[in-house]
Amino acid sequence: MRDQNIRTKVMSFLLLVCFGISTIMGWIGFYNGKEALKNLSFNQLTSIRATKSSQMQSYLDLVEAQIVTLGENPTTVTAMKELSRAFIQLGTQADQSKLVNALVARDGSLSAYYQNQFLPSLEKGSYRKQSLAQFLPSNFTTAYLQHHYIAENTYPLGKKNALQRASDGSQYSVSHAKYHDTLNTYLKKFGFYDIFLVDHKSGNIVYSVFKEADFATNLRNGPYRRSNIAAAYEQANVLKKNDAPVFVDFDYYAPSYGAPAAFIALPIFDGEVRVGVLIFQMPIDRINQIMTGDENWESDGLGQSGETYLVGSDFTMRSVSRFLIEDREGYFEALKGLDYSEKVIDQLDQFDTSILLQRVQTKASFGALSEKRATGIIDDYRGVQVLSSYGPIKFGDQQWALISEIDSAEAFSPIDTLAKVLVISSLLIGALMVVLASFFSRKFTKPITSLADAAQRVGQGESNMILKV
């Protein structure tokens, strides 16, 4: 019994020492491994963010150079003057009131365009009832040009720019045919959504490549006078020659059926004389292409859950969410769990973009919009814990946040594997130590037990004995 008691104590001591050393060494290895992996992930995210920031800044600088180049081109200057004159000439025709009534009559093609194509698409995009009277042209020149270049244009919606010249025989159509190919080619080559020429005195959009409902309207008193294209026009129209272009941030744009639109604008000068304003409608696709790496997140080093995106000063996205593209159902389920309305989720689904719709009120967005550059483990806009690297990016007077993130679960998956290996290793080592401790405890306790037995026998009066050592 005494032998068993001593052996148990020796085994317990050996196992306690072994387990203590194993636990301490395992924890040190796990902690250092996690810290090293976290730092490596942050460094990679910061590197990706810096690369995307450089690419985005280069693109925005390129757009600025492109609008300056086109605005200073003699062909553009001439087109601005000729189209403005032709636009004014249309307004000198007699009996304009009768002509307007004929053009926008209830059974007329222009009225049919607004009732059957424009309003239904706008109501679907804006999720509210729209008034026909708000958009149907009351100005003769607007009604005339929209009748010939939109309503009577036989090319389908979205391809109205394929029409080079209307068959009305007007001087405007002659000038339009003269310059349309050049501007249309410029738009296609550089991927802009639309290009506008606006009269600097009246605010009339005298030319548009794409021919949406804003074509030939007035940006001072027309239906889009409170839109961001009107803001771009007003800001650019007071710029001096050689001033930098103005950039107006994304907002919902009715002529594009409520989809997000941003504009960059610059005044056009003939020598020292101001003759108009050139406006580009920015392409969303190009911005998304840069932020998503052309949807090759894994090739960019962002794994299965990483992404890089832009956030505006209103704390909504300025580029598309990876999860909207790759996992729509999971993305929408996550938003429902965050109390997003069905209206917003339907708009995300319909427009197929998270721009202006996805709120990003996180530590990263607040920090970046406060001009901070940092990293941290935070909850992202889905409520999921992520490793985040964030910083600001500027274009003109606008400042956005540029954020690179990856789910913590994916970033730390190697350390979780290491933890499992350490646990299994500890169990195997523990089992081995039980065997070894049992074997060596017998070796260690046998002489002690013999000595204790001999001492007990001597105590009982036995004096004639031999103790083997």
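Residues numbered from 1 in each chain as written. Predicted model: local features only at pLDDT ≥ 70, side-chain atom pairs only at ≥ 80, totals over all residues. Heavy atoms only, no water.

1. Some words on the overall build of the chain
Here comes step 1: Scanning the chain from N- to C-terminus turns up 15 helices and nine strands.
Here comes step 2: Across the 469 residues in the chain, those meeting the buried criterion constitute 49%.
Here comes step 3: In the chain, 61% of the contacts between residues at least 6 apart in sequence involve partners at least 24 apart.
Here comes step 4: Summing over all exposed atoms, the chain offers an accessible surface of approximately 23200 Å²; the carbon and sulfur share of this is 54%. (Helix = DSSP H or I, 4+ residues; strand = E, 2+ residues; numbered from the N terminus. Buried < 20%, exposed > 50% of the residue type's maximum accessible area, 1.4 Å probe, protein only. Contact = heavy atoms within 4.5 Å. Areas by Shrake-Rupley, 256 points an atom, 1.4 Å probe, with all protein chains shown as cover.)

2. Some points on the environment of V209
Here comes step 1: Among the structural elements, V209 can be located in the loop between β2 (205-208) and α8 (228-236).
Here comes step 2: Residue classification places V209 among the buried residues on the basis of a relative accessible area of 0%.
Here comes step 3: When the C-alpha positions of V209 and Q164 are compared, they lie 9.9 Å apart, and in sequence the two are 45 residues distant.
Here comes step 4: Look past the residues within four positions of V209 in its chain and what remains in contact with it is N161, H180, L183, N184, L187, D194 and I195.

3. Observations regarding the sheet that holds strand β9 (residues 398-407)
Here comes step 1: Pairing within the open sheet is antiparallel, and its four strands lie in the order β6-β9-β8-β7. Strands with a single pairing partner mark the edges of an open sheet, and in this sheet they are β6 (307-311) and β7 (374-379). On average, each strand axis in the sheet is inclined to that of its neighbour by 30°, with strand direction left out of account.
Here comes step 2: Here five bridges tie β6 to β9, and the two strands are oriented antiparallel to one another. Bridging across to β9, T308 finds its partner in S404. (Pairing = 2+ DSSP bridges. Axes fitted to C-alpha atoms, helices over the stretch in contact; angles between N-to-C directions.)

4. What about the pattern of salt bridges?
Here comes step 1: Inspection of the entire model under this criterion finds 15 salt bridges.
Here comes step 2: Between K52 and D300 there is a salt bridge, and its shortest N-O distance comes to 2.9 Å. In this pair, K52 sits in helix α1 (residues 2-72) while D300 sits in the loop between α9 (284-292) and β6, placing the two residues 248 residues apart along the sequence.
Here comes step 3: A residue is classified by how much of its surface remains accessible, and K52, at 5% relative accessible area, is buried.
Here comes step 4: Residue K394 pairs with E371 through a salt bridge whose shortest N-O separation is 3.4 Å. With a gap of 23 residues between them, K394 in strand β8 (residues 385-395) and E371 in the loop between α13 (363-369) and β7 connect regions that are remote in the sequence.
Here comes step 5: Overall, the relative accessible area of 45% leaves K394 in the partly exposed class.
Here comes step 6: Among the residues examined, E371 registers a relative accessible area of 48% and is labelled partly exposed.
Here comes step 7: Three or more residues joined by partner-sharing salt bridges are found here, namely D249, D314 and R318. (Salt bridge = Lys/Arg side-chain N within 4 Å of Asp/Glu carboxyl O.)

5. Brief notes about the packing of helix α4 (residues 109-126) against helix α6 (residues 140-151)
Here comes step 1: Remark: α4 packs on α6, axes separated minimally by 9 Å, with the N-to-C direction vectors making an angle of 70°. It follows from the interaxial angle that α4 and α6 lie roughly perpendicular. Like other packed secondary-structure pairs, α4 and α6 cross with a definite hand, here left-handed. Of the residues in α6, those in contact with S109, L110, Y113 and Y114 of α4 are A143, Q146, H147, I150 and A151.
Here comes step 2: Looking at side-chain class alone, the contact of α4 with α6 contains six nonpolar, three polar and no charged residues. (Parallel < 35°, antiparallel > 145°, perpendicular 65-115°, else oblique. Left-handed = near helix turned anticlockwise from the far one by under 90°. Nonpolar A, V, L, I, M, F, W, Y, C, P; charged D, E, K, R; others polar.)

6. Here we look at the pairing of β6
Here comes step 1: Within β6, five of the five residues are buried, which leaves the element mostly enclosed by the surrounding structure.
Here comes step 2: Alternating positions in β6 separate into two faces, E307, Y309 and V311 on one and T308 and L310 on the other, with burial throughout.

7. Some points on the sheet that holds β2
Here comes step 1: Spatial ordering of the open sheet is given by β2-β1-β5-β4-β3, a layout of five strands whose pairing is antiparallel. Edge positions in the open sheet fall to β2 and β3 (246-253), since each of these has one partner strand only. Neighbour-to-neighbour, the strand axes of this sheet turn through a mean angle of 25°, independent of strand direction.
Here comes step 2: Of the strand pairs in this sheet, β3 and strand β4 (residues 259-270) are connected by six bridges, and their pairing is antiparallel. Bridge pairing in β4 links V248 to F263.

8. Quick look at the pairing of β8
Here comes step 1: In terms of residue burial, β8 counts as a mostly covered element, since nine of its 11 residues are buried.
Here comes step 2: Looking at chain direction, β7 and β8 are connected through six bridges and run antiparallel. Across the sheet, the residue bridging to D379 is Q385, located in β8.
Here comes step 3: Counting the residues in the hairpin turn of β7 and β8 gives five residues, including G383, whose phi is positive at 80°.
Here comes step 4: For β8 and β9, the ladder comprises 10 bridges, and the chain directions are antiparallel. When the bridges of β9 are listed, P392 appears paired with A401.
Here comes step 5: With antiparallel pairing between neighbouring strands as the criterion, β8 and β9 make up a hairpin whose turn holds two residues, including G396 at a positive phi of roughly 65°.

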